[in-house]
Structures are given as C-alpha cells and as structure tokens.
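# Structure at a glance
Here's the letter readout for the chains.
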Amino acid sequence: MLLSRHQVLARRERDPERLERSAYLLLSRIDTQGPMSIGQLAEAFGLDTSTVNRQTAALLRCGLAERVADPDGGMARKLRITAEGARRFAADREVNRSCLARVVADWSPEEIRELEDVLIRLNRSAEALEGRHWPRAEEDDARAACHSPVAQEPAPRTT
C-alpha cells in the first residue's frame, strides 16, 4: 500500500499529465499482449465489460488507443496503442521505475534480486488463485524458473 501511495503521489506532484491508473494498466496489458477487444480486457482483469468500456472510451478520447479490425480476422474490433499512447506509457513506466529505484537505492544487488524473486512468486500465486495469468516473455518465464540464489548479474528490469 505504501509503495502504491508513493507512486500515486509521485504521479500527481511531478506531472499532472501522467496516465490514470486504469489507463496505465490497460495500456500495459495491450502493450504486452497486442490488440485486444473490450471483452478480452474485461476477462483479463476480471472486470465487468461496462467498466472496461468506460475506461477504454477514455483512452480513445485522449488518443492513447485506437480501434482496429481484429488482426486474426474475428468480428470484434480491437484496441491498439497509438504512437502517443506508447510514448506516454513508456514515460510513465520510466517514472515508476525511477520511483522504485529511489526506494531501494541503498539495497544491495542481492537484496534487490531477493525482492524480485519474492514478488514474482507473489504475483504468480495471486494469478493462480484468480485463474488469470499475466502474459510474459518466454525469457522472463525461463529466468524465473531457473533463477537460483547464487550470485549472478541482476536481470534487466521490465516492470
């Protein structure tokens, strides 16, 4: 809760044009998975489609996403991130990373790796309970499965 509050305060104080939390989450999922329909986004987050519809309407109004034909040939239109959406999402992600880097600035590399390992485990356990898994790059999965506590170079941060 404190970390979340720290990032929310950093958002408002440093740049009033930062993305709303819901916009950031939706763009993050679309960025990871590619174009998605409102139904797919609702399922991914376990939300009602009317809620996701309102949130995606805001993305469309702000020019952060656009409707496109289903690249797989389906009937439903999908949402894709625009260049402006990608730019703002990347900027927000960088601010989030820098805020977290300040929080752990005096931690050792081993402590940071330990936190990373525990957070991966925590996230995967929560996903398993909900039955909703966040798509990840294969190298992230392999790293998590093969990571041992012996000294090694820290993996690049992708969150």
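Just so you know, these numbers come straight off a predicted model, no measurement behind them. (Residues numbered from 1 in each chain as written. Predicted model: local features only at pLDDT ≥ 70, side-chain atom pairs only at ≥ 80, totals over all residues. Heavy atoms only, no water.)

Check the secondary structure of the protein chain and you find seven helices and two strands. Reading the secondary structure of the protein chain in the N-to-C direction produces α-α-α-α-β-β-α-α-α. When the 159 residues of the protein chain are sorted by exposure, 28% land in the buried category. For the protein chain, long-range pairs separated by at least 24 residues make up 54% of all intrachain contacts whose partners lie at least 6 apart in sequence. Just so you have it, the protein chain exposes about 10,600 Å², and 55% of that area is on carbon and sulfur atoms. (Helix = DSSP H or I, 4+ residues; strand = E, 2+ residues; numbered from the N terminus. Buried < 20%, exposed > 50% of the residue type's maximum accessible area, 1.4 Å probe, protein only. Contact = heavy atoms within 4.5 Å. Areas by Shrake-Rupley, 256 points an atom, 1.4 Å probe, with all protein chains shown as cover.)

For the rest of this paragraph, the subject is helix α3 (residues 38-45). Taken together, the buried positions of α3 are Ile38, Leu41, Ala42 and Ala44. Taken around the axis of α3, the buried residues stretch over an arc of 165°, which confines them to a single face. The inward-facing, buried residues of α3 contact α2 (21-33), α4 (49-61), β1 (65-68) and β2 (78-81). Taken from the residues just after α3, Gly46 is the one with a positive phi, measuring 65°. (Arc of directions from axis to C-beta.)

This paragraph deals with the packing of α2 against α3. For the pair α2 and α3, the least separation of the axes is 11 Å and the interaxial angle reads 105°. Regarding the angle of α2 to α3, the classification is roughly perpendicular. When α2 is examined against α3, the residues Leu25, Leu26, Arg29 and Ile30 are found in contact with a partner set consisting of Leu41, Ala44 and Phe45. Tallied by class, the residues present in the contact of α2 with α3 amount to six nonpolar, no polar and one charged. (Axes fitted to C-alpha atoms, helices over the stretch in contact; angles between N-to-C directions. Parallel < 35°, antiparallel > 145°, perpendicular 65-115°, else oblique. Nonpolar A, V, L, I, M, F, W, Y, C, P; charged D, E, K, R; others polar.)

One can describe the packing of α2 onto helix α5 (residues 83-103) by two numbers: an axis separation of 10 Å at closest approach and a directional angle of 110°. Relative to α5, the element α2 is oriented roughly perpendicular. Residues Tyr24, Leu27, Ser28 and Asp31 of α2 form the contact with α5, whose own contacting residues are Gly85, Phe89, Asp92, Arg93 and Asn96. Looking at the contact of α2 with α5 residue by residue, the classes come out as three nonpolar, three polar and three charged.

Summarising the element assignment, Asn96 is placed in helix α5. Polar side-chain contacts of Asn96 include one of 3.1 Å to the side chain of Arg18. (Polar contact = N/O pair within 3.5 Å; in protein donor to acceptor, adjacent residues only side chain to side chain.)

Scanning the model with the defined rule gives five salt bridges in all. Linking Glu66 and Arg80 is a salt bridge whose minimum nitrogen-to-oxygen distance equals 2.8 Å. Of this pair, Glu66 sits in strand β1 while Arg80 is found in strand β2, placing the two residues 14 residues apart along the sequence. Accessibility expressed as a relative area gives 38% for Arg80, which makes it partly exposed. Put simply, Arg87 and Glu84 hold a salt bridge, and the shortest N to O gap is 2.6 Å. Note that Arg87 and Glu84 are positioned in helix α5 at a spacing of three residues, about one turn of the helix. (Salt bridge = Lys/Arg side-chain N within 4 Å of Asp/Glu carboxyl O.)

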